[in-house]
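# Topology and contacts: notes
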Number of protein chains: 2
Amino acid sequence: MSLVESMHSFWAEFVSGAARPFSHHSSRFVVGVSGGADSLALLHVLRHLLSPDQLVVAHLNHGWRDTAVLDAQFVAQTAANWGLPYVVETLPPVETPREEAARQARYRFLARVADEWGATAVVVAHNADDQAETVLMHLLRGSGLTGLSGMSPTSPLPEAPYLTLLRPFLKVDRATIDAYCQAHALSPRQDSTNADTTFLRNRLRHELLPLLTTYNPQIRSHLTQLADVVTADDALLRQLTDAQWPSLLHQQGPDWLAVRRAAWQALPLSLRRRTLRQAALTLRPFLPDLTFAAIEQARRLAEEASGGVAVPLAGGLWLRVDYDRLLITSEPEQIPGDWPQLPADTPLTLPVPGSVALADGWRIEADRLAVGDLTAVQQNPDPWTAYVVVAASSLTVAGRRSGERFQPLGMNGRSASLKEVMVNRKISAPLRARWPVVRTGEQVVWLVGHLVDERAKVTEGATAVVRLRCSKVDVVS
Amino acid sequence: MSLVESMHSFWAEFVSGAARPFSHHSSRFVVGVSGGADSLALLHVLRHLLSPDQLVVAHLNHGWRDTAVLDAQFVAQTAANWGLPYVVETLPPVETPREEAARQARYRFLARVADEWGATAVVVAHNADDQAETVLMHLLRGSGLTGLSGMSPTSPLPEAPYLTLLRPFLKVDRATIDAYCQAHALSPRQDSTNADTTFLRNRLRHELLPLLTTYNPQIRSHLTQLADVVTADDALLRQLTDAQWPSLLHQQGPDWLAVRRAAWQALPLSLRRRTLRQAALTLRPFLPDLTFAAIEQARRLAEEASGGVAVPLAGGLWLRVDYDRLLITSEPEQIPGDWPQLPADTPLTLPVPGSVALADGWRIEADRLAVGDLTAVQQNPDPWTAYVVVAASSLTVAGRRSGERFQPLGMNGRSASLKEVMVNRKISAPLRARWPVVRTGEQVVWLVGHLVDERAKVTEGATAVVRLRCSKVDVVS
């Protein structure tokens, strides 16, 4: 395909035919022009596709080289000759030019020009050779599929995601662009920083890619094809991840979330990894340090552990198994979410049968049961339900008292400190003072959600069995 | 993880815990031992995991080097010292050692030993560094996800897929293996071909990977992690492809198949590519030359074309759009599958109303209609249904006569050669002689599946309208 055909097919697919199409006649496009062959050819082709008032030429002089001012003059002169508006800006010189900072500054500049001129999209001249270099760069840095996808033909503009970034030359190689410039008598500027191998990209271009070419002369096109294949594969896997996410997400707070563990465990390995990554990125949208090793460590814990230990993810986030949930929190010991708490420090009365309201929609209910099958009661797996023997017609619900002890079931009547049990059970410190304890008179009956007192246990032949249930009533807010 | 821990976790996951588990006490394993550090350590660890009668040591001397005989002696001596049975075989010397041929010979040898000794699995010592090299090699050759997956911890044995190939060291790096050998006073042989950079793998190991390490010291682990991620992603995408395949496959013959085009077009890009690949591999299970470019060309044709042209895939296969199907055939002009054919050269009588049987379950039915809406009849989109005006109470169905002409509808009464129309309509040569033509007396009424004769067309006010339908009756065979 020629350069012009490539542009037409790109424009048909991604601009006119985009999900939110740009109207040919009302949209304005900012074109990033360095003055090199790629961007000069880009501007030349766009000038024949669009009308002059749809184009704004933008050039940022990083001030790194003395010759840069000549590049800026060349771009301004070309735009003027072609009857196009242009914005040329020069940054103050920097001590040590940094590739990444320069890239960010460039995108911020392009966004500013787009805003000023009412443009909704920015067009840049990245070509297939740049794409091959990008894939290789991501590969060297260590990357999953998303990195190997390279650059997208269309994406949100970095630093200003409300604008669209278009790359119509992404499948056009450098040789085709050079041929176009020759055929149209364009005389682009040579970027002298191109040869500076202190920049990673230039080192790839001038050192690594030529070596790789001795292994396989087709290496550049293999890398761009890989990006093409991987982009589609990754898009489908993202779509599957997104489709799973709502049913996986159990609860979410400002700095934590809980994932349904059984549903997560049933996913294929690829989606187990991807949803863990999604969980972290939901809380911290920018997490450059979320490594493969961290995801793997979290995945193994989430698959195998029975609870307790937390492992670090990235960005200060931790993952922990919490019963049937995976908790992602910003503190390793954080118990996020909804827990039963007393509304005040004063004791409450729980009639039997009857119920009592705690804070935030939680409540405790009591009812009397005729117990037929004692096994079911003794093997009750639900920590939020307790079966006890009490004769009184009402119980009290209050917080732990200083120094209070009780006799946890299964310890042969030995007593334990209520506070120590709370600590061992990892009820986090701020929750302990108002954690509900059910008593009959002065005697503990149930540490809610955790332990029944030995003295209230249901034995063979018990008649006055009371079922206590602690639950949250969902309130439509 | 130490080498021994890695082996235990591998064995628990892939051997004892495999879908078809190997029993610890009855299975026998062939261990490929070159005498180098990797395979010597492998044998040493396995000797402590399994009983001696579960192990068979296998060594193939390619006869490339004079010192190779010393390697063979070393392996035999070690096996004997450790009380293990061994098979050492020497190949006749070759002029030019070839990596790929040697690899195949090695797997065939291991399979032979496994067969002779009643083993169901072969264990080899590929390590994490080998894995990184494999990923890099596939990347250089040009590869999609499947290549980037590298080697699998467990897979069918190449050249003998009924046997299982196990690679317990795939996540263990070379340094850990060397340390193990030192700690256990093992003195492995040095493979002198290791340094021979005429072999691609050695060139990667001694030239390319050291250079890549100057870009990123972690490159080896990045490549093995990439393989790990990609293996899971690719497995899920294969699973999705396999799940789609039965509903996509319309018909299949010995050297052709047809895919439902609309269902295929509705798939995401990733699966459109993967199912085309699957279609080709269904007909030709080994297709090393199935390139990205061929798949892309076929995909674009399948997405956009309205029929006719065929594009080559690989292995002599072609893809063509055929109405609502995609045909993959071994001839560009092949019309595979079921087409209506006369059972013999003698004419058949079609009563109106009534039906007539053709060959292979095909038939033509005729019935009389009261036509209310003429537009529906004139715009009939189904080539296998024709609306005609005939008064006779029976029609004849026979093949084309030599030199016969008719007046195709829409040519203003001009006549055309029946043979030429058949050629233009791409009815393939072997089908033409017995392709059914419906006539009233000597006059053509319908070239089945293609054209109605002008003289039989339905016009305003027509009364004796006949509907002709040609269809295949599915026969339960």
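Our structure is the block above this text.
A brief structural summary. Please read all numbers here as calculations on a predicted model, not as lab measurements.

## Considering the relation of the copies chain A and chain B
Relating one copy of the chain to the other requires a rotation about an axis plus a shift along that axis. Laying chain A over chain B is done by rotating through 180° and shifting 0.2 Å along the axis; what remains is an RMSD of 0.2 Å. In symmetry terms, the pair is related by a two-fold rotation axis. Interface overlap between copies is the fraction of interface residues in one copy that are interface residues in the other; for chain A against chain B it reaches 100%, indicating a shared surface.

## A word on the packing of aromatic side chains
Summed over all chains, the structure comprises 14 aromatic pairs over all chains. Judged by centre distance (5.0 Å) and plane angle (45°), the rings of Phe-10 of chain A and Phe-14 of chain A are tilted. With a gap of four residues between them, Phe-10 of chain A and Phe-14 of chain A both fall in helix H1 (residues 3-16), about one helical turn apart. Consider the rings of Phe-10 of chain B and Trp-11 of chain B, whose centres lie 6.4 Å apart with planes at 50°: the pair is tilted. Of the two residues examined, Phe-10 of chain B and Trp-11 of chain B, each falls in the buried class. Above the plane of the ring of Trp-82 of chain A lies Arg-47 of chain A, whose end atom (NZ or CZ) is 4.4 Å from the centre. The cationic tip of Arg-203 of chain B hangs over the ring face of Tyr-215 of chain A; the distance from NZ or CZ to the ring centre is 3.8 Å.

## Looking at H1 of chain A
Residue and element names in this part refer to chain A. Here H1 is 14 residues long and its end C-alpha atoms lie 18 Å apart, about the 20 Å a rise of 1.5 Å per residue gives. The sharpest bend along H1 reaches about 25° and sits at Phe-10. Those residues of H1 that fall on the buried side of the exposure criterion are Leu-3, Ser-6, Met-7, Phe-10, Trp-11 and Val-15. Of the surrounding elements, those touching the buried residues of H1 are strand E1 (29-32), helix H2 (37-49), strand E6 (160-166) and helix H7 (174-183).

## With respect to the nonpolar core
Leu-208, Leu-313 and Leu-319 of chain A together with Leu-208, Leu-313 and Leu-319 of chain B are the most contacted members of the largest nonpolar core, which totals 94 residues. Once residues lying within four places of it in the same chain are set aside, the contact partners of Leu-313 of chain B are Ala-280, Leu-290, Ala-294, Ile-295, Ala-298, Trp-318, Leu-319 and Ile-328 of chain B.

## Overview of the packing of helix H11 (residues 269-283) of chain B against helix H12 (residues 292-304) of chain B
All names here are of chain B. Where H11 contacts H12, the two axes come as close as 10 Å, and the packing angle between them is 110°. As far as their axial angle goes, H12 and H11 are roughly perpendicular. The chirality of how H11 crosses H12 is right-handed. Contact residues: H11 offers Leu-269, Arg-272, Arg-273, Leu-276 and Arg-277, while H12 offers Phe-292, Ile-295, Glu-296, Ala-298, Arg-299 and Glu-303. Looking at the contact of H11 with H12 residue by residue, the class counts come to five nonpolar, no polar and six charged.

## Focus on the pairing of strand E5 (residues 154-157) of chain B
Residue and element names in this part refer to chain B. Looking at chain direction, E5 and strand E6 (residues 160-166) are connected through four bridges and run antiparallel. Considered in E6, the bridge of Pro-156 is made with Thr-164. Between the antiparallel neighbours E5 and E6 lie two residues, among them Glu-159 with a positive phi of about 75°.

## With respect to the pattern of salt bridges
Counted under the stated rule, the structure contains 56 salt bridges over all chains. Ionic pairing is found between Asp-130 of chain A and Arg-205 of chain A, a salt bridge with its closest N-O pair at 3.3 Å. Separated by 75 residues along the polypeptide, Asp-130 of chain A in helix H5 (residues 128-141) and Arg-205 of chain A in helix H8 (residues 200-215) bring together distant segments of the chain. Owing to a relative accessible area of 14%, Arg-205 of chain A belongs among the buried residues under this scheme. Each of the salt bridges in this network shares a partner with another, and the network as a whole consists of Lys-171 and Asp-228 of chain A together with Arg-272, Arg-273, Glu-296, Arg-299 and Glu-303 of chain B.

## Here's the deal with the interface of chain A and chain B
On the side of chain B, 39 residues touch chain A, which itself brings 39 residues to the contact. Carbon and sulfur atoms make up 69% of the surface buried where chain A meets chain B, a total of about 3,400 Å² over both sides. Among the residues chain A hides against chain B, the three largest losses belong to Leu-140, Tyr-215 and Phe-292 of chain A. Together they make up 19% of the total. Applying the counting rule to chain A against chain B returns four salt bridges.

## Digging into the side chain of Arg-201 of chain A
Residues and elements named next belong to chain A. For Arg-201, the location among the structural elements is in helix H8. Polar contacts involving the side chain of Arg-201 include one to the main-chain carbonyl oxygen of Asp-130, which spans 3.2 Å. Contacts of Arg-201, omitting those with residues within four sequence positions, involve Glu-99, Asp-130, Glu-133, Thr-134 and Met-137.

## Side note on the sheet that holds strand E15 (residues 385-389) of chain B
Across a sheet, strands are paired by hydrogen bonds formed along the backbone, either parallel or antiparallel in direction. All names here are of chain B. Taken in spatial order, the four strands make up an open sheet running E13-E14-E22-E15, and their pairing is antiparallel. Edge strands, defined here as strands with exactly one partner in the open sheet, are strand E13 (354-357) and E15. When the angles between neighbouring strand axes are averaged without regard to direction, this sheet yields 20°. When strand E14 (residues 362-369) meets strand E22 (residues 465-472), the two strands line up antiparallel, connected through eight bridges. When the bridges of E22 are listed, Arg-368 appears paired with Val-466.

Here is what the cut-offs are and how they apply
- Residues numbered from 1 in each chain as written.
- Chains lettered and ligands numbered in written order.
- Predicted model: local features only at pLDDT ≥ 70, side-chain atom pairs only at ≥ 80, totals over all residues.
- Heavy atoms only, no water.
- Least-squares fit on C-alpha atoms with pLDDT ≥ 70 in both.
- Contact = heavy atoms within 4.5 Å.
- Phe/Tyr/Trp six-rings, centres within 6.5 Å; stacked < 30°, edge-to-face > 60°.
- Helix = DSSP H or I, 4+ residues; strand = E, 2+ residues; numbered from the N terminus.
- Buried < 20%, exposed > 50% of the residue type's maximum accessible area, 1.4 Å probe, protein only.
- Lys NZ or Arg CZ within 6 Å of the ring centre and 35° of its normal.
- Expected span 1.5 Å × (residues − 1).
- Bend = angle between axes of the 7 residues up to and from the residue.
- Core = buried A, V, L, I, M, F, W, Y, C linked by side-chain atoms within 4.5 Å.
- Axes fitted to C-alpha atoms, helices over the stretch in contact; angles between N-to-C directions.
- Parallel < 35°, antiparallel > 145°, perpendicular 65-115°, else oblique.
- Left-handed = near helix turned anticlockwise from the far one by under 90°.
- Nonpolar A, V, L, I, M, F, W, Y, C, P; charged D, E, K, R; others polar.
- Pairing = 2+ DSSP bridges.
- Salt bridge = Lys/Arg side-chain N within 4 Å of Asp/Glu carboxyl O.
- Buried area = accessible area lost by both parts, 1.4 Å probe.
- Polar contact = N/O pair within 3.5 Å; in protein donor to acceptor, adjacent residues only side chain to side chain.

Purely geometric stuff here, so don't read any function into it on its own.
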